[in-house]
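The residues making up each chain are set out below.
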Amino acid sequence: MTETQDKTGTVLVLGATGGIGGAVARGLHLRGWAVRALNRDAAKAFRKAPAFEWIQGDALNAADVRAAAEGASFIIHAVNPPGYRDWGKLVLPILDNTIAAAKAVGARIVLPGTIYNFGPDAFPVLDEAAPQKPRTEKGAIRKEMEAMLKAASQSGNSVIILRAGDFFGLDAANNWFSQGLVKPGKPLGAITYPGKKGTAHQWAYLPDVAETMIRLIERAEVLPPFAVYHMRGFFDDDGTRMIAAIRRAVGKPDLKVKRFPWWLVTFASPVVPLFKELKEMRYLWREPLEMRNERLIATLGEEPQTPIDDAVTATLGSLGCLPWDCGTPLSIAPRRLSVSS
């Protein structure tokens, strides 16, 4: 395990109002970093998070990003187009702006990565060097994003990428847990599961992802110019452990499990863009997937991991899915557990 840097500085967070960007920003602020955030409505964002320095601007505007990055030693690239509209068209130009700003000020870029850049040929055990042969449009773009960052690292821009499984947790938006498994806003009457018993799936609790990113940032001086890591996260080794955790959290050991309506997704995919995207990603539920974290453990000594029952209870509480006022712990600190297998 390497030593943690004892210095702090200024970090620019792009996407600080989002789930992972906000979690990383809050964690860095608590550690003494000066957190700067770019937002198209800085005044509104400030009212929600007054601890950050909010800069009026747009990540699509190269000049805005460059100005906001002045003096920053890190740029957290956790931004998406507003409302995810035109995601495929805008994501790469936004990253171009981040790379240009980082190069101008000498900042290291930090990217929360995904598993979408990999096809089933890389499964079931996925390591950082696995070939990237994506099966989806989103995966192809994710692959291109990482290629752009690798090229930037070879031209003087240092990069950290942390890949993780499907997000769940407080403030995690656009994820399978809150949009597939459960229905937010009321106590659960059933779980809708997209996979099947016996097929492993990879999950990542958002506060743990943020904490891991922060620890990598704290060790940045000893990392390679292009540093890529996988999180172990919560490995559901047979497709039933997440279901069991949800049942325990709501106190219903026999809570009904329904099949996800893949037939409807397939039927409507020619005319509904979201369904087309979901259909393309079905292989992630049909094929077993396990992410190994040996490289991360070698760097950090351990992987932050909140016990699954705590993580699921906090997530369901934040979604309004528990039948009681659980006093959801909004800032559960990940326990310092070493997860290596």
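Scroll up a little and you will see the structure.
The structure presented is a predicted model; accordingly, all values stated were derived computationally and were not measured.

**Considering the overall build of the protein chain**
Then, in step 1: Within the protein chain one finds 13 helices and 14 strands.
Then, in step 2: Taken along its principal axes, the extent of the C-alpha atoms in the protein chain is 55 × 40 × 40 Å.
Then, in step 3: With 341 residues in all, the protein chain has 54% of them scored as buried.
Then, in step 4: In the protein chain, the share of contacts with a sequence separation of at least 24, taken over all contacts with a separation of at least 6, comes to 76%.
Then, in step 5: Roughly 15200 Å² of accessible area belongs to the protein chain as shown, and the carbon and sulfur atoms make up 52% of that amount.

**Details of the pairing of strand 2 (residues 34–39)**
Then, in step 1: For strand 2, the tally of buried residues reaches five of six residues, placing the bulk of the element in the interior.
Then, in step 2: As judged from the five bridges shared by strand 1 (residues 10–14) and strand 2, these two strands associate in the parallel manner. Looking at strand 2, one finds that L12 is bridged to R36.
Then, in step 3: For the crossover that starts at strand 1, traverses helix 1 (residues 19–30) and ends in the parallel strand 2, the hand is right-handed.
Then, in step 4: Note on the crossover from strand 2 through helix 2 (residues 42–48) to strand 3 (residues 53–56): the handedness is right-handed.

**A short note on helix 5 (residues 137–153)**
Then, in step 1: The terminal C-alpha atoms of helix 5 lie 25 Å apart, and with 17 residues this matches the ideal 24 Å at 1.5 Å per residue to within 8%.
Then, in step 2: The secondary structure elements touched by the buried residues of helix 5 are strand 4 (74–77), helix 4 (87–105), strand 5 (108–113), strand 7 (159–163), strand 11 (226–230) and helix 10 (273–280).

**Considerations on the packing of aromatic side chains**
Then, in step 1: As enumerated under the stated definition, the model contains 13 aromatic pairs in all.
Then, in step 2: A centroid spacing of 5.5 Å and a plane angle of 85° characterise the contact between Y193 and W285, whose relative ring orientation is edge-to-face. In this pair, Y193 sits in strand 9 (residues 191–193) while W285 sits in helix 11 (residues 283–286), placing the two residues 92 residues apart along the sequence. The burial state of Y193 is the same as that of W285; both residues are buried.

**Structural notes on a nonpolar patch on the surface**
Then, in step 1: Together, W263, L264 and F267 make up an exposed nonpolar region whose accessible area comes to about 400 Å².
Then, in step 2: The topology assignment puts W263 in helix 9 (residues 262–268).

**As for the sheet that holds strand 11**
Then, in step 1: Reading across from one edge, 3-2-1-4-5-7-11 is the order of the seven strands in this open sheet, with parallel pairing throughout. Each of the sheet's edge strands pairs with one partner strand only, and the pair in question is strand 3 and strand 11. Between one strand axis and the next, the sheet turns through 20° on average, direction left out of account.
Then, in step 2: As paired elements, strand 7 and strand 11 share five bridges and run parallel to each other. Among the inter-strand pairings, L162 is bridged to a residue of strand 11, identified as Y229.
Then, in step 3: Here helix 3 (residues 62–69) sits on the sheet and contacts strand 1, strand 2, strand 3 and strand 4; the angle it forms with strand 2, its principal contact strand, is near 170°.
Then, in step 4: Against the sheet, helix 7 (residues 206–218) makes contact with strand 4, strand 5, strand 7 and strand 11, and its axis sits at roughly 155° relative to strand 7, the strand it touches most.

**Describing the nonpolar core**
Then, in step 1: One finds F177, M242, I246, V312 and L316 to be the most contacted residues of the largest nonpolar core, which totals 44 residues.
Then, in step 2: For this core, the element with the highest residue contribution is helix 8 (residues 241–250), accounting for six residues.
Then, in step 3: In terms of nonpolar packing, the next biggest core, distinct from the first, is built from 39 residues, V13, I160, L162 and A220 among them.

**Quick look at the sheet that holds strand 12 (residues 234–236)**
Picture the strands of a sheet paired through backbone hydrogen bonds; they go either parallel or antiparallel.
Then, in step 1: Ordered in space as 8-10-12, the three strands form an open sheet in which the pairing is mixed. Both edges of this open sheet fall to strand 8 (166–168) and strand 12, since each of them pairs with a single strand only. With strand direction ignored, the average angle separating the axes of adjacent strands in the sheet is 35°.
Then, in step 2: Judged from the three bridges that link them, strand 8 and strand 10 (residues 201–205) form a sheet pairing that is parallel. Bridge pairing links F168 to Y205 in strand 10.
Then, in step 3: Running over the sheet, helix 8 touches strand 8, strand 10 and strand 12 and is turned about 110° from strand 12.

So, how was this worked out
- Residues numbered from 1 in each chain as written.
- Predicted model: local features only at pLDDT ≥ 70, side-chain atom pairs only at ≥ 80, totals over all residues.
- Heavy atoms only, no water.
- Helix = DSSP H or I, 4+ residues; strand = E, 2+ residues; numbered from the N terminus.
- Buried < 20%, exposed > 50% of the residue type's maximum accessible area, 1.4 Å probe, protein only.
- Contact = heavy atoms within 4.5 Å.
- Areas by Shrake-Rupley, 256 points an atom, 1.4 Å probe, with all protein chains shown as cover.
- Pairing = 2+ DSSP bridges.
- Right-handed = clockwise from strand over helix to strand, strands pointing away.
- Expected span 1.5 Å × (residues − 1).
- Phe/Tyr/Trp six-rings, centres within 6.5 Å; stacked < 30°, edge-to-face > 60°.
- Patch = residues over 30% accessible without salt bridge, like charges linked within 9 Å, V, L, I, M, F, W, Y side chains within 5 Å.
- Salt bridge = Lys/Arg side-chain N within 4 Å of Asp/Glu carboxyl O.
- Axes fitted to C-alpha atoms, helices over the stretch in contact; angles between N-to-C directions.
- Core = buried A, V, L, I, M, F, W, Y, C linked by side-chain atoms within 4.5 Å.

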